[in-house]
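# Structural characterization, general
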Amino acid sequence: MATSPHTLSSRLLTGSVGGCVWYLERRAVQGSPHRVSRLFRNVNSQWVTVQHLSFLKRMYVTQLHRGLSQRVKPKPEPAVSPFLEHSSSGQARAEVDELPSLSVPRLPLSQKPNEELIELEAASMVDGSLDIPKETKEEKQWKEMKLHADDLPGILARLSKIKLTALVVSTTSAGFALAPGPFDWPCFLLASLGTGLASCAANSINQFFEVPFDSNMNRTKNRPLVRGQISPLLAVSFATCCAVPGVALLTWGVNPLTGALGVFNIFLYTCCYTPLKRISIANTWVGAVVGAIPPVMGWTAATGSLDAGALLLGGILYSWQFPHFNALSWGLREDYSRGGYCMMSVTHPALCRRVALRHCLALIALSTAAPVLDITTWAFPVISLPINLYISYLGFRFYVDADRRSSRKLFFCSLWHLPLLLLLMLTCKQRPGQEEAKGEAPS
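Treat the numbers as computed from the prediction; the structure is a model and nothing was measured. (Residues numbered from 1 in each chain as written. Predicted model: local features only at pLDDT ≥ 70, side-chain atom pairs only at ≥ 80, totals over all residues. Heavy atoms only, no water.)

### So, the confidence of the model for the chain
When pLDDT is averaged across the chain, the result is 79; 64% of the residues are at 70 or more. By mean pLDDT, helix H4 (residues 115–129) is the weakest element of the chain at 45, and helix H19 (residues 385–401) is the strongest at 97. Across residues 68–72, confidence stays below pLDDT 50; counting only partners more than four residues off in sequence or on other chains, it has 0 contacts. For residues 80–89, every residue scores under 50 in pLDDT, and the model assigns this stretch 3 contacts once sequence neighbours within four places are set aside. (pLDDT = per-residue confidence, 0-100. Helix = DSSP H or I, 4+ residues; strand = E, 2+ residues; numbered from the N terminus. Contact = heavy atoms within 4.5 Å.)

Written as structure tokens, this is what we have:
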């Protein structure tokens, strides 16, 4: 074990001398930590002094250069553009001086701005710089459209769906022409005019009820009532002025049966079909009945009776409307959904395609039944078979493919199929002389 220095010295020296030496050594050993700490304290105090000196030096430099201000270097002049190189400097300076300068109102920084001055300046800035945006905002606001006398016929034609009305009148004329008996021109004109007026009234009332729903559909958002081109009161007045003389012409000018069918068709279209469009898919079947009544009205106008021939014509129009409308509604599914209409193409797409194909095939059977009921000759089912097979083929493609392309082909085929089919029926109509010859042949 190592011995400490004071024990070693105390062993070498004895007596009073050894005791003094031992005391001094002990003091030296005990005081060494205090000296080391005092040394570090002195060093720290010296470091603080150096920091103070550096701070004072910086303060002195700052106070000495207080009067000096920072100077901004001037911006270099822009380079002369190529098109000004050939022109004189005076001419270029004159062109620059002609540019109008914009003065921006400034407020002094040292004074407190006055509230009235701020309001006047804000008003002047608004009047001077915001005139154009204010006009554009007023232009964007809704304004009531003024009705001009020159535009009224076109507006009323769109209100009454003049193309649909023309189709209704044509089917009524076909029913009148296909009916047996002599062709009565005054009765034909009265029946056609009365049916057209009834159709205009029904279509106008239909648009009157469907304004909030038509505004959500791209196909119907430009209708007159939706755009405000005509007032609802004028639309209802126009429908009344069409319905009353139309029904009167059919009732007293033709016969009461035809007038009753006209009233029933207006009621069925406006009070049954129109509200059902937002309730049930049964609206398609009700709408098909509405479209099947006009040829029946033409038949009753000529004969005054409701017999098998009238029902056959109504059945042909009834079946034709399913491939026609179902194909049309297939491409308008998004529109019908936005409008809130309950259509087969939206809620039951498979049923929509199946019903269209079913009634395409039904047209073949109905065409075959025409000579059996002595409406046409047997040549009619033969010559009408190609167009009936073609529309059935398109109906089958629509049922299988279920896309917009097949539905569009079926829809456009239906547009020319019905007029051609009615024209073929008219050319193959059973004449009175043919019936007598058929009756005399067995004898």
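### Quick look at unusual backbone geometry
The phi dihedral of Asp 374 is positive, around 60°, even though this residue is not glycine. Tracing the chain through its elements places Asp 374 in the loop between helix H17 (349–372) and helix H18 (379–383). Judged by its relative accessible area of 41%, Asp 374 falls in the partly exposed class. (Buried < 20%, exposed > 50% of the residue type's maximum accessible area, 1.4 Å probe, protein only.)

### Comments concerning the pattern of salt bridges
In this structure the tally under the stated criterion is 5 salt bridges. Asp 214 is paired through a salt bridge with Arg 223; the nearest N and O atoms lie 2.9 Å apart. Classification of Arg 223 by relative accessible area gives buried; the value is 16%. The partner of Asp 401 in a salt bridge is Arg 397, and the shortest N-O contact between them spans 2.9 Å. Remark: Arg 397 and Asp 401 occur in helix H19; sequence separation between them is 4 residues, near one turn of the helix. (Salt bridge = Lys/Arg side-chain N within 4 Å of Asp/Glu carboxyl O.)

### Topic: the nonpolar core
Core analysis: the biggest nonpolar cluster contains 70 residues, and Leu 159, Trp 299, Phe 380, Leu 410 and Met 425 have the highest contact counts within it. With residues near it in sequence (within four places) discarded, Leu 159 still touches Asn 203, Ser 204, Gln 207, Pro 224, Leu 225, Ile 230, Ala 235 and Phe 238. In this structure, Leu 332, Tyr 336, Tyr 341 and Met 343 belong to the second largest nonpolar core, which totals 6 residues. (Core = buried A, V, L, I, M, F, W, Y, C linked by side-chain atoms within 4.5 Å.)

### Focus: the packing of helix H11 (residues 232–254) against helix H12 (residues 256–276)
Two quantities define a packed helix pair, namely the angle between the helix axes and the distance between the axes. Between H11 and H12, the shortest axis-to-axis distance is 6 Å and the interhelical angle comes to 155°. Classified by the angle between their axes, H11 and H12 sit roughly antiparallel to one another. Where H11 approaches H12, its residues Ala 243, Val 247, Leu 250, Thr 251 and Val 254 are matched on the opposing element by Pro 256, Thr 258, Gly 259, Gly 262, Val 263 and Ile 266. Its residues placed into classes, the contact of H11 with H12 shows 7 nonpolar, 4 polar and no charged. (Axes fitted to C-alpha atoms, helices over the stretch in contact; angles between N-to-C directions. Parallel < 35°, antiparallel > 145°, perpendicular 65-115°, else oblique. Nonpolar A, V, L, I, M, F, W, Y, C, P; charged D, E, K, R; others polar.)

### Observations regarding the state of the cysteines
Evaluation of the coordinates by the stated rule reveals 0 disulfides. Cys 241 forms no disulfide, and the closest cysteine sulfur to it belongs to Cys 242, at a distance of 7.0 Å. Given the relative accessible area of 56%, Cys 241 is considered exposed. There is no disulfide at Cys 242, and the cysteine sulfur nearest it, in Cys 200, is 5.1 Å away. (Disulfide = S-S within 2.5 Å.)

### A short note on a nonpolar patch on the surface
A surface patch of nonpolar side chains, about 570 Å² in accessible area, is lined by Tyr 390, Tyr 393, Trp 416, Leu 420, Leu 423 and Leu 426. Contributing elements (two or more residues each) for the nonpolar patch: H19 and helix H20 (404–427). Sort the elements by how many residues they give to the nonpolar patch and H20 lands first, with 4 residues. Judged by relative accessible area, Leu 420 falls into the partly exposed class, the value being 30%. (Patch = residues over 30% accessible without salt bridge, like charges linked within 9 Å, V, L, I, M, F, W, Y side chains within 5 Å. Areas by Shrake-Rupley, 256 points an atom, 1.4 Å probe, with all protein chains shown as cover.)

### Describing the environment of Leu 178
Mapped onto the fold, Leu 178 is located in helix H7 (residues 162–178). Remark: the alpha-carbon pair of Leu 178 and Leu 426, spanning 248 residues in sequence, is separated by 6.2 Å. Contact partners of Leu 178, with chain neighbours within four places excluded, come to Trp 299, Leu 313, Met 425, Leu 426 and Lys 429.

### Considerations on the packing of aromatic side chains
Inspection of every chain in the model, using the stated rule, returns 14 aromatic pairs. Ring centres 5.5 Å apart and planes at 55° place the aromatic pair Phe 208 and Phe 209 in the tilted group. Among the residues examined, Phe 208 registers a relative accessible area of 33% and is labelled partly exposed. Judged by relative accessible area, which is 42%, Phe 209 ranks as partly exposed. Members of the aromatic cluster, joined through ring pairs, are Phe 176, Phe 183, Trp 185 and Phe 188. Positioned above the aromatic ring of Phe 213 is the side chain of Arg 278, whose terminal nitrogen or guanidinium carbon lies 4.0 Å from the ring centre. Seen from the ring of Trp 330, Arg 333 lies directly overhead, with NZ or CZ sitting 4.1 Å from the centre. (Phe/Tyr/Trp six-rings, centres within 6.5 Å; stacked < 30°, edge-to-face > 60°. Lys NZ or Arg CZ within 6 Å of the ring centre and 35° of its normal.)

### Observations regarding the packing of helix H8 (residues 185–209) against H11
Running from amino to carboxyl end, H8 crosses H11 at an angle of 150°, the nearest separation of the two axes being 7 Å. The pairing of H8 with H11 is recorded here as roughly antiparallel in orientation. Crossing hand, H8 versus H11: left-handed. When its residues are assigned to classes, the contact of H8 with H11 shows 21 nonpolar, 5 polar and no charged. (Left-handed = near helix turned anticlockwise from the far one by under 90°.)

### Focus on the environment of Gln 229
Take Gln 229: it is sitting in the loop between helix H10 (224–227) and H11. Owing to a relative accessible area of 12%, Gln 229 belongs among the buried residues under this scheme. The spacing of Gln 229 and Leu 152 is 77 residues in sequence and 9.2 Å in space, taken between C-alpha atoms. Only 2.7 Å separates the side chain of Gln 229 from the side chain of Arg 158, close enough to count as a polar contact. (Polar contact = N/O pair within 3.5 Å; in protein donor to acceptor, adjacent residues only side chain to side chain.)

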